[in-house]
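# Fold and geometry: a report
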Amino acid sequence: MSTIEHILEEARTRAPGQPYAGAVTPHEAYALLQADPKVKLVDVRTNAERDWVGRPAVPEAQHAAVQWNLYPGGVPNPEFAQQLAQVAGHDDVLLFLCRSGVRSRHAARVATEIGYPNAFDILEGFEGDRDADGHRKTVGGWCKHGLPWIGA
């Protein structure tokens, strides 16, 4: 079994009862991106979050930005499905990322509902949950795990 198959098999066990394919850890997401140039990270944070907080340092061809909510205001992105279709194929392995893992679960669910069977949530998100002092990037997430990122 290849590394990719092993990671995806394990990921499928992490989201029992969820309508999407599964959930990967940040390290697994990065390993998948390195192992297969067809795997895509779909960052569903707002453009402002990516600009002001940062984003994963992955090849441009593997990074897609499709906002789940719009900034300012946080209203749902009415063009989510159309924008996803512009950056992803229905057979692609899609890894959805947000700040802490909430929006990415919703995006993976909707992606599955509209015909993307390989939609996975990236657990912990980019910044992770808040610590006792209200700060992020210290408890979990892409940044806390020391994975490459660009930005603030």
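Note that residues are indexed from 1 along each chain, following the sequence as it is written. With the structure being a predicted model, the display of local features is reserved for residues of pLDDT at least 70 and the display and counting of side-chain atom pairs for 80 or more, all residues being used for whole-chain, interface and lining totals. Note that water and hydrogens are dropped before the side-chain values are worked out from all heavy atoms of the structure.

## Notes on the nonpolar core
Soluble globular proteins tend to bury their nonpolar side chains together. Quick note on the threshold: Residues belong to one nonpolar core when they are buried, are Ala, Val, Leu, Ile, Met, Phe, Trp, Tyr or Cys, and are joined through side-chain atoms within 4.5 Å. Burial here depends on accessible area, computed with a 1.4 Å probe over protein chains only, as a share of the maximum for the residue type. Under 20% is buried, over 50% is exposed, and the range in between is partly exposed. The helix and strand labels rest on DSSP assignments: H or I over at least four residues marks a helix, E over at least two residues marks a strand, and numbering proceeds from the N terminus. Whether two residues touch is decided by their heavy atoms; if any such pair falls within 4.5 Å, the residues are in contact.
Core analysis: the biggest nonpolar cluster contains 21 residues, and Val24, Leu32, Leu33, Leu95, Phe120, Ile122 and Trp142 have the highest contact counts within it. Put simply, the parts of the chain that give this core at least two residues each are α1 (3-12), α2 (26-35), β5 (94-97) and β6 (119-122). Ignoring sequence-local partners within four residues, the contact set of valine 24 consists of Ile7, Ala11, Arg14, Ala29, Leu32, Leu95, Phe120, Asp121, Ile122 and Leu123. Grouped together as the second largest cluster of nonpolar side chains are 19 residues, Leu84, Phe96, Ala107 and Ala119 included.

## Topic: unusual backbone geometry
With the exception of glycine, most residues fall at negative phi, and the peptide bonds are largely trans. Residue proline 72 is reached from tyrosine 71 by a cis peptide bond, and omega for that bond is -5 degrees. The topology assignment puts proline 72 in the loop between β4 (63-65) and α4 (80-87). We note that glutamate 124 has phi near 75 degrees; this positive angle belongs to a residue other than glycine. Among the structural elements, glutamate 124 can be located in the loop between β6 and β7 (149-150). Since its relative accessible area comes to 33%, glutamate 124 is described here as partly exposed. In this structure, lysine 137 is a non-glycine residue whose phi angle is positive, near 70 degrees. Along the chain, lysine 137 turns up in the loop between β6 and β7. Classification of lysine 137 by relative accessible area gives partly exposed; the value is 25%.

## Looking at the pairing of β5
Counted only if it meets this: Whether a crossover is right-handed depends on one test, that the path from the first strand over the helix to the second runs clockwise when the strands point away from the viewer.
Of the two faces of β5, the one carrying Leu94 and Phe96 and the one carrying Leu95 and Leu97 are both buried. On the question of chirality, the crossover connecting β5 to the parallel β6 by way of helix α5 (residues 103-113) is right-handed.

## Observations regarding the packing of aromatic side chains
Stated formally: Only Phe, Tyr and Trp rings take part, Trp by its six-membered ring, and two of them pair if their centres are within 6.5 Å. Stacked means planes under 30 degrees apart, edge-to-face means over 60, and tilted covers everything else. Distance and angle both matter: a charge sits over a ring if NZ of Lys or CZ of Arg is within 6 Å of the ring centre and within 35 degrees of the ring normal.
In the structure shown here, the tally under the stated rule is four aromatic pairs. Relative to phenylalanine 80, the ring of tryptophan 68 has its centre 5.0 Å away and its plane inclined at 80 degrees; by these criteria the two rings are edge-to-face. Here tryptophan 68, found in the loop between β4 and α4, pairs with phenylalanine 80, found in helix α4; they are 12 residues apart in sequence, far enough to count as distant. What makes tryptophan 68 buried here is its relative accessible area of 16%. We classify phenylalanine 80 as buried; its relative accessible area is 4%. Positioned above the aromatic ring of phenylalanine 126, the side-chain terminus of arginine 45 is 4.3 Å from the ring centre.

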